[in-house]
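# Structure assessment
Read off the chains here:
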Amino acid sequence: MSRYRFDLLFLLLAIHWAPALSDLVISKLDRRIDLTSQIVRMSLSLKVENVGPDPVSEVSLTFPEHQAKNLALLVAVSTEGKGKTKGFSSNLPIKVNQPDDSPPALIWYAVSLPKGLGKGESLTLEVLAVFTHTLRPFPEKITQAEAQLFVFQDSAHFPSPYNVKIQSLTVKLPSENVESYTKPENTKFSGSEIKYGPYENLPAFSYSPVVIHFPSNKPFAVSQELVREIEISHWGNVQVTEHYNLIHGGAQSTGEFSRLDYQARPHVRGASAFRNLIAMLPPRAHSIYYRDAIGNISTSNIYGDSSKTLLEIEPRYPMFGGWKTSFTIGYGLPLRDYLFHSGGSRFLNISFGSPMNDVLVENLTLKVVLPEGSKDISVSVPFSAKQWRETKFSHLDIAGRPTVVIEKVNVVPEHNQYFQVHYKFSNLSLLTEPLMLIFGFFSLFVACIIYMHADFTISKSSASYLAKLQWDEVQATIQKLQDIINHCLVIHDKLEASLRELSRTGDVQACKAVRKSADSLLKDLSKDLKPLLALLQSSPQAAHILPKVEELVVKERDLQEKIMLKHTTVVDSYEKKSGGRDIENRVASIQQKITTLKQEVDDLLEFVEDI
């Protein structure tokens, strides 16, 4: 509360030194403050009289600096007539007009009148001021089971720079419950309203501070950043995509969160939290989705009728004070409902702010993506906002799509007004993308036809083609030669196996039959080798491998001779009834040579296979 006392002291000093204006008098001032949500709305009805000698073209309004810095919207209209004949003017121009001798704790606004107010004349002004971040949680931190309490600070007297003959203030609370409130004279508390006044004959800058401490569990949903993208397609659709970074702006939640307690008694153990938000979409919205970084959120519902479509958004978890979440909603709209023609140009007419009335947007970035080829772009927004241009590239774009970017801070539901984007667009530009697709598919089909009918082979008379043929022939010849050598080695293994069988059975005749058959096969294979060797010797492509191939053939023949010699020696020894040790001694030197030759043949075969 110390901060409030400091603000109050500073404001009182500022009011004391502020310059009073005497040309105008406010004969009646009715003020109403609505505290039923996080957005504070102040409505003023002022009947202004000119008691000076000269006409007056402006009426000044003053607000304390701590309120003015959170002022999101200030509009004023003048009224004429009474009862059924009562009429309202359009919004009057308002600008900040700080006098040189005014202290900075008071902010002055000048309302320009539709016509000069002459001596003795009067008019009625209806003023709406919308404030954000004006309600302060007190205490600032609460547990899951506690309700939120807020403090509101203002004055029972509006700090007008003019004398006020009679004024009153009505403060609307969210409920009939209130912790405490300032009780100056003429104060009445009825239902959920606190009424101050009426007060009569108040001097300029009269100030009577009031502080109201009350509970409120309304959703304090604050979108710290909202990026809203509206993309126009002249093929019949307006696509709207909205990215929210949301925080609960009420009292900070402290302590542990118990989902069990929350599920059992959500209105007691989660009174300060909000579970859902309602987005009021246009009646013909379609293709609606709601998702976050994880994916689609299925806890949303859609209700609609002929006048509106309601999207109920429920986050993945209840939102307590200080908790944050991010999500995206998107939907499509019929183009004919929002795009119109005016003369030789087109204009988009669509609402500006968030479709969720319970959400305060601290920073709104609105992007309107126009079709490629749009030109002469202009924007009409019914309030001040930053604007600039950028380019967005999408599928089948060449120069990119011109994009209007509008940025505004402190956006409240009252800002959800219609704005217009005017631009020119040639109907011939609609054919660009279809023609690109047609040309692309046509080019693809032509390329396929050319590929299927064209001969891309290398000329058969070229040196490279002939060299390739010769190398293919060399490779095929080497493969055949390898097969023959491998066949010879298999026969060698059969001869070795017949000797082992001889030592087991002593059947000399069977062993001789195997040798005879092997000898015949080896001779046939030797004949098959000759033309292969001749072909390799005649091919220049085989010059680098021919020595190894010839060495392989020679080594195999030597191996073949040694195995035949061993076989003959062993069979003859068995016929002479020689002993086993004697036979081993006779073939020992032969066997040693056979082992060496086998290793050499294997190495050469491996080298040839690598080729």
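The structure this text deals with has already been given above.
For every chain, the first residue of the written sequence is number 1, and numbering continues from 1 onward in sequence order. Selection of residues for local features in this predicted model requires a pLDDT of at least 70, selection of side-chain atom pairs for listing and counting requires 80 or more, and totals for whole chains, interfaces and linings are taken over all residues. Water and hydrogen atoms were dropped before computing side-chain values, which therefore reflect all heavy atoms in the structure.

This part takes up a nonpolar patch on the surface. Only residues whose relative accessible area exceeds 30% and that form no salt bridge enter a patch; like-charged residues are grouped when within 9 Å of one another, and nonpolar side chains (Val, Leu, Ile, Met, Phe, Trp, Tyr) when within 5 Å. Each accessible area is a Shrake-Rupley estimate made with a 1.4 Å probe; only the visible protein chains count as cover when residues are assessed. Put simply, a salt bridge is a Lys or Arg side-chain nitrogen that is within 4 Å of an Asp or Glu carboxyl oxygen. A contiguous nonpolar surface patch, about 660 Å² in accessible area, is contributed by Leu396, Ile398, Met436, Leu437, Phe441, Leu444 and Phe445. Tracing the backbone through its elements, the reader meets Leu396 in the loop between strand S29 (386-392) and strand S30 (401-411). We count a stretch as a helix when DSSP gives it H or I for four or more residues in a row; a strand needs E for two or more, and each element gets its number in order from the N terminus.

What follows concerns the state of the cysteines. Covalent bonding between the sulfur atoms of two cysteines is what defines a disulfide. Disulfide: a pair of cysteine sulfur atoms within 2.5 Å of each other. Across all of its chains, the model carries 0 disulfides by this definition. Lacking any disulfide linkage, Cys488 is separated from the closest cysteine sulfur, that of Cys511, by 19 Å. Think of it in three bands: with a 1.4 Å probe and only protein chains considered, a residue is buried below 20% of the maximum accessible area for its type, exposed above 50%, and partly exposed in between. Given the relative accessible area of 2%, Cys488 is considered buried.

To obtain an axis, a line is fitted to C-alpha atoms, over the contacting stretch when the element is a helix, and the angle between two such axes runs from 0 to 180 degrees between their N-to-C directions. Packing of helix H5 (residues 463-505) against helix H8 (residues 580-610) leaves a shortest axis separation of 11 Å and a crossing angle of 155°. Classed by the angle they form, the pair H5 and H8 counts as roughly antiparallel. Considering the relative orientation of H5 and H8, their crossing is left-handed. In this structure, H5 contributes Ile478, Gln482, Ile485, Asn486, Leu489 and Glu496 to the contact, and H8 contributes Ile594, Lys598, Val601, Leu605, Val608 and Glu609. Charged residues are taken to be Asp, Glu, Lys and Arg, nonpolar residues to be Ala, Val, Leu, Ile, Met, Phe, Trp, Tyr, Cys and Pro, and polar residues to be all remaining types, Gly included. Among the residues forming the contact of H5 with H8, the class breakdown is 7 nonpolar, 2 polar and 3 charged. Put simply, angles under 35 degrees are roughly parallel, angles over 145 are roughly antiparallel, angles from 65 to 115 are roughly perpendicular, and the rest are oblique. Should the near helix be turned counterclockwise from the far one by less than a right angle, the crossing is left-handed, whereas a clockwise turn marks it as right-handed. Note on definitions: a residue-residue contact is assigned when non-hydrogen atoms from the two residues lie within 4.5 Å.

The next point concerns the packing of helix H7 (residues 546-575) against H8. Where H7 contacts H8, the two axes come as close as 9 Å, and the packing angle between them is 155°. Between H7 and H8, the crossing angle belongs to the class labelled roughly antiparallel. H8 is crossed by H7, and the crossing has left-handed handedness. A breakdown of the residues in the contact of H7 with H8 according to their chemical character gives 16 nonpolar, 3 polar and 11 charged.

Here a cavity denotes grid points, spaced 1 Å and computed from the protein atoms alone, that fit a 1.4 Å probe unable to get out, and a pocket denotes an open set having protein on both sides within 12 Å along at least 5 of 7 lines; residues with an atom within 4 Å of a point are the lining. Grid points are joined across faces, edges and corners, and a volume is the space filled by probe spheres set on the points. A full pass over the atoms with the stated rule returns 2 cavities of 30 Å³ or more. Lining the largest cavity we find 10 residues, and of these His66, His133, Thr134, Arg136 and Gln153 sit closest to its centre. Elements with a contribution of two residues or more to the lining of the largest cavity: helix H2 (65-68) and strand S11 (149-155). With 3 residues, S11 is the single largest residue contributor to the lining of the largest cavity. When its residues are assigned to classes, the lining of the largest cavity shows 3 nonpolar, 6 polar and 1 charged. Computed from the structure, the second largest cavity encloses a volume of approximately 50 Å³. Around the second largest cavity sit Gly353, Ser354, Met356, Val359, Val361, Val411, Val412, Pro413, His415 and Asn416, which together line it. Among the residues forming the lining of the second largest cavity, the class breakdown is 6 nonpolar, 4 polar and no charged.

Strands were regarded as paired on the criterion that DSSP finds at least two bridges between them. Within the open sheet, the 3 strands sit side by side as S20-S23-S22. Their pairing is antiparallel. Of all strands in the sheet, those bounded by a partner on one side alone are strand S20 (277-281) and strand S22 (301-304). Strand-to-strand twist of the sheet, defined as the mean angle between neighbouring strand axes without regard to direction, takes the value 20°. Here 4 bridges tie S22 to strand S23 (residues 309-313), and the two strands are oriented antiparallel to one another. Following the sheet pairing, Ile302 is matched in S23 by Leu311.

Counting 48 residues, the largest nonpolar core has Leu35, Leu46, Phe63 and Tyr196 as its most contacted members. Excluding residues that lie within four positions of it along the chain, Phe63 makes contacts with Met42, Ala68, Leu74, Ala105, Leu106, Ile107, Tyr109, Ala129, Phe131 and Phe158. Counting residues in each nonpolar core, the second largest holds 45 residues, with Tyr290, Phe352, Val404 and Tyr423 among its members. Working definition of a nonpolar core: buried Ala, Val, Leu, Ile, Met, Phe, Trp, Tyr and Cys residues. They are joined through side-chain atoms within 4.5 Å.

Right, let's talk about the side chain of Arg41 for a bit. Along the chain, Arg41 falls in strand S2 (residues 40-50). Among the residues examined, Arg41 registers a relative accessible area of 19% and is labelled buried. Within 3.5 Å is the distance limit for a polar contact, defined as a pair of N or O atoms, with the added protein rule that one can donate a hydrogen and the other accept it, and that residues adjacent in sequence qualify only through two side-chain atoms. Among the polar contacts made by the side chain of Arg41, one reaches the side chain of Glu414 at a distance of 2.5 Å. Other than its neighbours up to four places away in sequence, Arg41 contacts Arg32, Ile33, Asp34, Leu128, Ala129, Val130, Pro413 and Glu414.

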